[in-house]
Every structure is written in C-alpha cells, then in structure tokens.
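Architecture and fold: a report
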Amino acid sequence: MPKMKTKSGAKKRFKVTATGKIKSAQAGKRHGMIKRTTKFIRTARGTTVLCAADTKIVKKYMPYAR
C-alpha cells in the first residue's frame, strides 16, 4: 500500500504539541484591523489550541505528525 500524503496547507498552518494537541494562529488578523477593537487585536496575538472536534479533522490531514 502506498504512503499517505500530508495536506500541504495543513503542514504550513498547524503544529502538533508534545501532548498531541494542535496549535494554530489566531483567526481574524489578516485585514480590516481598523474596525476591530483594541481588545480583540490584543487577545488574538500569538497562537491558540484547536478544540477537540477540529483537532480530529486536522489530524486526518497530517497522518505522520503524531
């Protein structure tokens, strides 16, 4: 059986932590910053951990990153 392929977009956007959780960048920071509140911009810094439902989906995209 051939090797499974990793989705290219997923490997660029997500990282797997040592405990198996998925880290990703905060959403909503690409454009339109003038209409966002300062509080939103401040809290959307850095990275976030995906919820369990989304983690299940992303792990299917990256079969070898476990």
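1. Quick look at the overall build of the protein chain
Along the backbone of the protein chain there are 3 helices and 3 strands. Shown N-terminal to C-terminal, the secondary structure of the protein chain runs as helices and strands in the order α-β-β-α-β-α. Compactness check: the protein chain gives a C-alpha radius of gyration of 15 Å against a globular reference of 11 Å for 66 residues, more than 25% above the reference. The dimensions of the protein chain, computed from C-alpha atoms along their principal axes, are 50 × 25 × 15 Å. Counting over 66 residues, the protein chain shows a buried share of 17%. Of all intrachain contacts in the protein chain linking residues separated by at least 6 positions in sequence, the fraction that spans at least 24 positions is 52%.

2. Points about a positive patch on the surface
A grouping of K11, K12, R13 and R30 is seen on the molecular surface, where their side chains present a positively charged patch. Turning to its location among the elements, R13 is positioned in helix α1 (residues 8-13). R13 gets classed as exposed once you look at its relative accessible area, which sits at 58%.

3. Thoughts on the sheet that holds strand β3 (residues 47-49)
Strand pairing in a sheet is mediated by backbone hydrogen bonds. Such pairs are either parallel or antiparallel. Strands sit in the order β1-β2-β3 across an open sheet of 3 strands; the sheet is antiparallel. Looking at the sheet topology across the chains shown, the edges are occupied by β1 (14-16) and β3. Averaged over all pairs of adjacent strands, the angle between strand axes in this sheet comes to 30 degrees, irrespective of strand direction. Strand direction decides the pairing type here: β1 and strand β2 (residues 22-25), joined by 3 bridges, are antiparallel. In the sheet register, K15 faces β2, and the bridge partner there is K23.

Reading the values: the criteria
Residues numbered from 1 in each chain as written. Predicted model: local features only at pLDDT ≥ 70, side-chain atom pairs only at ≥ 80, totals over all residues. Heavy atoms only, no water. Helix = DSSP H or I, 4+ residues; strand = E, 2+ residues; numbered from the N terminus. Rg over C-alpha atoms; globule rule 2.2 N^0.38 Å. Buried < 20%, exposed > 50% of the residue type's maximum accessible area, 1.4 Å probe, protein only. Contact = heavy atoms within 4.5 Å. Patch = residues over 30% accessible without salt bridge, like charges linked within 9 Å, V, L, I, M, F, W, Y side chains within 5 Å. Areas by Shrake-Rupley, 256 points an atom, 1.4 Å probe, with all protein chains shown as cover. Salt bridge = Lys/Arg side-chain N within 4 Å of Asp/Glu carboxyl O. Lys, Arg positive; Asp, Glu negative; His and termini not counted. Charge placed at Lys NZ, Arg CZ, Asp CG, Glu CD. Pairing = 2+ DSSP bridges. Axes fitted to C-alpha atoms, helices over the stretch in contact; angles between N-to-C directions.

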